[in-house]
Amino acid sequence: MTVREKVEVGRKHCRISQKAESDDFFGNWRGSRDSRDSRRRDTRPLRRDYPVSCGHTMNFDFDESHVLLRKSVREFARAEIAPYADGWDSDERFPTELVPKLASMGLLGIRIPEEYGGSGMDTQAYALSIEEIARVDGSIALTVASHNGLGTGHLLAFGTEAQKRRYLPMAASGQALAAWALTEPGSGSDAAALRTTARRDGTDWILNGSKTFITQGSVCGFCVVLARTNPDVPNRSGITAFIVDRGTLGFTASKHLRKLGCRASDTAEIVLDEVRVSDGQRLGDVDHGFADTMRILDRGRVSIAAMAIGLGYGALDKAVAYAKARSAFGKPIAAHQAIQWMLADSKTELDAAALLTYRAAWLSDRGGRYSEAASMAKLLASESATRACNAAVQVHGGYGYVREFDVERHLRDVKLCEIGEGTSEIQRMVVAKNLLAR
Ligand SMILES: Cc1cc2nc3c(=O)[nH]c(=O)nc-3n(C[C@H](O)[C@H](O)[C@H](O)COP(=O)(O)OP(=O)(O)OC[C@H]3O[C@@H](n4cnc5c(N)ncnc54)[C@H](O)[C@@H]3O)c2cc1C
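Cut-offs used in this document
Residues numbered from 1 in each chain as written. Predicted model: local features only at pLDDT ≥ 70, side-chain atom pairs only at ≥ 80, totals over all residues. Helix = DSSP H or I, 4+ residues; strand = E, 2+ residues; numbered from the N terminus. Buried ≥ 20, exposed ≤ 12 C-beta atoms within 10 Å, placed from the backbone. Near = placed C-beta within 6 Å. Nonpolar A, V, L, I, M, F, W, Y, C, P; charged D, E, K, R; others polar. Domains from an automatic or database assignment. Contact = placed C-beta atoms within 7 Å. Pairing = 2+ DSSP bridges. pLDDT = per-residue confidence, 0-100. Axes fitted to C-alpha atoms, helices over the stretch in contact; angles between N-to-C directions. Parallel < 35°, antiparallel > 145°, perpendicular 65-115°, else oblique. Left-handed = near helix turned anticlockwise from the far one by under 90°. Core = buried A, V, L, I, M, F, W, Y, C linked by C-beta atoms within 7 Å.

Turning to the overall build of the protein, a few remarks are in order. Helix and strand counts for the protein stand at 13 helices and twelve strands. Counting all 438 residues of the protein, 50% fall into the buried class.

Right, here's the structure in full:
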């Protein structure tokens, strides 16, 4: 049963007030001390409207479908991902066997409309799904984020009807994972300096160049490639996107990048050697790919923010449990104020980052630009979560430094969130640019 179907069934059988019994707004377990006494249960809807700086009024509630989705994805992640995450990480192996399970849960087509075989859910649902997966495994969260947010996201936003009919059902069913190739060996933050070229040849295009750090580059079914189509205009103006099937002659992907974290995600270098694609594989308008790319990255940044807070909350949960179980100087370490402060700081920062992330997702669903909100969310979430994972290792002492407890994996995985889809420095540049332009 897909997450969407579970949500539909759940809607029929439970009331939203049950949310107060099990999870708080951030999806943290609240216990159910008074759950047997329904008279004492606070069933007031958690509805609060806050003004936000972008001039909108925001309702911070998740609706019923979001609450049920979070629960379903959490159960799935605990059953199908958590028990194997350490092994996949140790083996540095992308778990292809998980792909059909992700697909049957609807997680490979979260935002793809139902008419193309997807779950047709919104960005808030997407962010919650990534967060829940990241609580147990950064690698799989990165895979799902990249597939939905970048590869299929670009197709969804700028593809023709024919392209959508051809690729989106394959993407949603897990038959073809989507990759997205912008970064090159010589250009990352300065993405518009890319050197891969696409030249016209009759009605076809010929692509040449190389890409690096491409998530699921060697296990994808198709890859969206950004290439320079016009060298005679300013960098940002002459770039176009193309869909390249992995089996296309001249397209080779190699996986030999050994990483600090997210080791079970596939990260590949791609070489394009005289790759011929028809004009029907062009994605979006000629020379307009860079502007489209910036819009894709906005949603991508929301998903990396969600991944960061998931990793942070996951590490915090483990730190809390360990602090209660481990004793030093005759009492549980949780009774020492220094430990309490680390836990309190982590929780406070993660909750603040989660609010920014949910706001950015909500703005995304309202349409219009939300670059500044997405950058702020990614910046705070990635840096807060890195601090929270570091604190979790510290709370575990020596046991945090060895692989027996998962917190060291969380710390290694979360560092990516400060780098991928724009480093923290680039996010600060986006925020400052918006601020100074007012
Ligand atoms: C595991 C992983 C997965 C990835 N997946 C993908 C993918 O699927 N598709 C894809 O296209 N890319 C992907 N990337 C690439 C990622 O987006 C880039 O690594 C990132 O944007 C940074 O680019 P860079 O590595 O070239 O660093 P650089 O741009 O070389 O930056 C180096 C340092 O200089 C700083 N810097 C650069 N410019 C400025 C400036 N103007 N002011 C201040 N500081 C600056 C940076 O912040 C950084 O600290 C992935 C990367 C990793 C590690």
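A word on the site of the ligand. Near the ligand lie 21 residues; those nearest to it are Leu-182, Gly-188, Ser-189, Thr-423 and Glu-425. Those elements that provide at least two residues to the shell around the ligand are strand E3 (178-181), strand E5 (204-215) and helix H13 (424-436). Broken down by element, the shell around the ligand gets its largest block of residues, three residues, from E5. When its residues are assigned to classes, the shell around the ligand shows nine nonpolar, nine polar and three charged. The two domains that each donate at least three residues to the shell around the ligand are domain 2 (178-287) and domain 3 (291-436).

All right, on to helix H12 (residues 407-414) then. Judged by how many residues are buried, H12 sits mostly within the fold: seven of eight residues are covered. All of the buried residues in H12 are Val-407, Glu-408, Arg-409, His-410, Leu-411, Asp-413 and Val-414. Where H12 is buried, its residues contact helix H3 (64-91), helix H6 (138-158), helix H8 (289-325), helix H10 (371-395) and helix H11 (398-401).

So, on to the pairing of strand E7 (residues 239-245). With six of seven residues buried, E7 lies mostly within the body of the structure. By the bridge criterion, seven bridges tie strand E6 (residues 222-228) to E7 in an arrangement that is antiparallel. Pairing of Cys-223 across the sheet is with Val-244, part of E7. With two bridges joining them, E7 and strand E10 (residues 282-283) adopt antiparallel strand pairing. Looking at E10, one finds that Ala-241 is bridged to Leu-283.

The backbone of Phe-213 shows a phi angle near 60 degrees, a positive value even though the residue is not glycine. Examined against the element boundaries, Phe-213 turns out to sit in strand E5. Judged by the 19 C-beta atoms lying within 10 Å of it, Phe-213 falls in the partly exposed class. Residue Cys-262 is not a glycine yet carries a positive backbone phi of 45 degrees. Within the element layout of this structure, Cys-262 appears in the loop between strand E8 (251-254) and strand E9 (267-278).

Quick look at the confidence of the model for the protein now. When pLDDT is averaged along the protein, the result is 90, and 87% of the positions lie at 70 or above. Low pLDDT, under 50, characterises residues 14-22; the predicted model gives this stretch 13 contacts beyond four residues in sequence or across chains. A low-confidence stretch, residues 30-55 (pLDDT under 50), is modelled with 29 contacts involving residues beyond four sequence positions or located in other chains.

The geometry of H8 relative to H10 is characterised by a closest axis approach of 8 Å and an angle of 20 degrees between their N-to-C directions. Accordingly, the angle class assigned to the pair H8 and H10 is roughly parallel. Seen along the crossing, H8 lies across H10 with a hand that is left-handed. Looking at the contact of H8 with H10, its residues break down into 20 nonpolar, five polar and four charged.

Before going further, it helps to spend a moment on the nonpolar core. Membership of the largest hydrophobic core comes to 121 residues, with the highest contact counts inside it found for Phe-242, Met-307 and Ala-385. The element best represented in this core is H8, accounting for 17 residues. Among all residues touching Ala-385, those that are not within four sequence positions of it are Ala-308, Ile-309, Leu-311, Gly-312, Leu-350, Ala-353, Val-414 and Cys-417.

Here Asp-292 lies in helix H8. Overall, Asp-292 belongs to the partly exposed group, with 19 C-beta atoms counted inside 10 Å. Residues Asp-292 and Ala-157, spaced 135 residues apart in sequence, show a C-alpha to C-alpha distance of 8.6 Å. Not counting the four nearest positions on each side in its chain, Asp-292 is found in contact with Phe-158, Ala-241 and Gly-284.

Our focus in this paragraph is the packing of H3 against helix H5 (residues 123-134). One way to put it is that H3 packs onto H5 with a least axis distance of 9 Å and a crossing angle of 30 degrees. It follows from the interaxial angle that H3 and H5 lie roughly parallel. For the element pair H3 and H5, the recorded crossing hand is right-handed. Between H3, through His-66, Leu-69, Arg-70, Val-73, Arg-74, Ala-77 and Ile-81, and H5, the contact on the second element is made entirely by Gln-124, Ala-125, Leu-128, Ser-129, Glu-132 and Ile-133.

Right, let's talk about the environment of Val-430 for a bit. In this fold, Val-430 is placed in helix H13. Not counting residues within four places of it along the chain, the set of residues in contact with Val-430 comprises Ser-371, Glu-372 and Ser-375.

Strand direction decides the pairing type here: strand E4 (residues 197-201) and E5, joined by five bridges, are antiparallel. Each bridged residue has a counterpart across the sheet, and for Asp-201 the counterpart in E5 is Asp-204. Pairing between E5 and E9: nine bridges, direction antiparallel. Each bridged residue has a counterpart across the sheet, and for Ile-206 the counterpart in E9 is Arg-276.

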